[in-house]
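# Fold and contact review
The primary structure of each chain is shown beneath.
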Amino acid sequence: MDAFIRGMPKAELHVHVEGTLEPELRVRLAERNGVELPYRTADELAASYAYQDLSSFLALYFSGMDVLRTEQDFFELTYAYLQRVHAQNVVYTEMHFDPQAHTSRGIAFDTVISGIRRAQEMAQDELGIRSQLILGILRDMSAESAMEALEQSLAYRDWIVGVGLDSDEKGNPPVKFREVFERARAEGYKLTMHCDHLQENSVEHIRQCLDVIGVDRIDHGYHVLDDEGLIDDVRRRHMCLTFCTTSNPSDPAPRRAAELKRALELGLNVTVNTDDPAYMRSYYLSEVLLNTQQAVGLSREQVAELARNAFRSAWIGEGRGRRTL
Ligand code: ES4
Ligand code: ZN
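Residues numbered from 1 in each chain as written. Chains lettered and ligands numbered in written order. Predicted model: local features only at pLDDT ≥ 70, side-chain atom pairs only at ≥ 80, totals over all residues.

### Quick word on the overall build of the chain
Within the chain, the regular secondary structure consists of 14 helices and eight strands. Scaling as 2.2 N^0.38, a compact globule of 325 residues should have a C-alpha radius of gyration of about 20 Å, and the chain matches this with 18 Å. Over its C-alpha atoms, taken along the principal directions, the chain stretches across nearly 50 × 45 × 40 Å. Long-range contacts, defined as pairs at least 24 residues apart, comprise 77% of the intrachain contacts of the chain with a sequence gap of at least 6. (Helix = DSSP H or I, 4+ residues; strand = E, 2+ residues; numbered from the N terminus. Rg over C-alpha atoms; globule rule 2.2 N^0.38 Å. Contact = placed C-beta atoms within 7 Å.)

### Some thoughts on the sheet that holds strand S1 (residues 10–16)
As a general point, the strands of a sheet are linked pairwise by backbone hydrogen bonds and lie either parallel or antiparallel. As summarised here, the arrangement of the eight strands in space is S1-S2-S3-S4-S5-S6-S7-S8, forming an open sheet in which the pairing is parallel. Among the strands making up the open sheet, the edge pair consists of S1 and strand S8 (270–273). Direction aside, the axes of adjacent strands within the sheet are offset by 25° on average. The sheet contact formed by strand S6 (residues 217–220) and strand S7 (residues 240–244) spans three bridges and is parallel. When the sheet's bridge partners are listed, arginine 217 is paired in S7 with cysteine 240. Lying over the sheet, helix H12 (residues 253–265) contacts S7 and S8, oriented at roughly 150° with respect to S8. (Pairing = 2+ DSSP bridges. Axes fitted to C-alpha atoms, helices over the stretch in contact; angles between N-to-C directions.)

### A closer look at the confidence of the model for the chain
As a general rule, the predicted coordinates of low-pLDDT regions are not to be interpreted in detail. Taken over all residues, the pLDDT of the chain has a mean of 94, while the share at 70 or more is 95%. Predicted complex metrics record ipTM = 0.94 and pTM = 0.96. (pLDDT = per-residue confidence, 0-100.)

### Some remarks on the site of ligand 1
The environment of ligand 1 is formed by His16, Gly19, Tyr61, Asp98, Asp166, Ser167, His194, Asp196, Asp275 and Asp276. Among the residues forming the shell around ligand 1, the class breakdown is one nonpolar, four polar and five charged. (Near = placed C-beta within 6 Å. Nonpolar A, V, L, I, M, F, W, Y, C, P; charged D, E, K, R; others polar.)

### Concerning the packing of H12 against helix H13 (residues 285–296)
At a minimum axis separation of 9 Å, H12 and H13 run at an interaxial angle of 80°. With respect to each other, H12 and H13 are oriented roughly perpendicular. For the pair formed by H12 and H13, the contact residues are Ala253, Pro254, Ala257, Ala258, Leu260 and Lys261 on the first element and Asn291, Thr292, Ala295 and Val296 on the second. Taken together, the residues of the contact of H12 with H13 break down into seven nonpolar, two polar and one charged. (Parallel < 35°, antiparallel > 145°, perpendicular 65-115°, else oblique.)

### Comments concerning helix H4 (residues 54–64)
Among the residues of H4, those classed as buried are Leu54, Phe57, Tyr61 and Gly64. An end-on view of H4 places all buried positions within 95° of arc, on one side of the element. Among the exposed residues of H4, those oriented more than 90 degrees off its buried face are Ala59 and Ser63. Here the buried face of H4 lies against helix H2 (23–33). (Buried ≥ 20, exposed ≤ 12 C-beta atoms within 10 Å, placed from the backbone. Arc of directions from axis to C-beta.)

### A few points about unusual backbone geometry
The residue histidine 220 is not glycine, and still its phi comes out positive at about 70°. Structurally, histidine 220 can be placed in strand S6. One non-glycine residue, serine 282, lies in the positive phi region at around 55°. Summarising the element assignment, serine 282 is placed in the loop between S8 and H13. On the basis of neighbour counts, which here come to 16 C-beta atoms within 10 Å, the residue serine 282 falls in the partly exposed class.

Here it is in structure tokens:
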């Protein structure tokens, strides 16, 4: 099974490129840019990546990216991720990036996206791995800030395939960004939103995604399983759910794996993804698939179905970029 999973061509649909910042690179960039870190060594940093819930995770995630300052930094971050997953036979990946987390620190949108794009092109030329970008909107910031990020993105329209919604969901429902996502759709972007597992009102948020926003995909979306109406709707629409089944203290892997198995058995279009691998024990796609398979005893056929679901649900051919798929 290990060889089967590692050897199988794979696609990833839900990963945050800033969440692939490994402690070693963080240390190197901190030295290069003269940034003070809370710990000196990569090992100490890795040991500090313990979180209890989404908000303590997000605090680590946002403080980690403080070392990313130059175009070259974003290039190195992205290239390292693409190289690493290429070695695992990931042949296609859709990466979220969070421009507001950088523009709010005084880093230009152009600096961020140019570095990422250069890595995407080089990885495609040199390794053959293809990738596309999803603009992540930070939902704990205002709708005005979101609209500004969307407008900034239009100059790079050909480099971005879709718009997503991430960061802290509490008190920040999908409808807060209704106009932003209407505009994004009108501009031709595909739409997705995080509907996180830790939210007590997740069912309501998923309903808003389907009925008000009109998303093309749902990131996470575990609570679809709590509601018969949602199960039917999501199944009928072949709506892709991007489950992330890596273990963390508040979100035990066996539970996520069991939900994944149930979603497969219900005939839902579910996929397995890594979210923020550098902050989650450096489990990249092969490790997450294997751990999930082992936790609940998925068959080879079910593992293959997960891979097929990802390729079928990829926004391949949706991008307007010259050299994207
Ligand atoms: C994120 Cl809500 C959420 N979960 C995991 N990773 C993230 N990166 C940005 N927002
Ligand atoms: Zn995510």
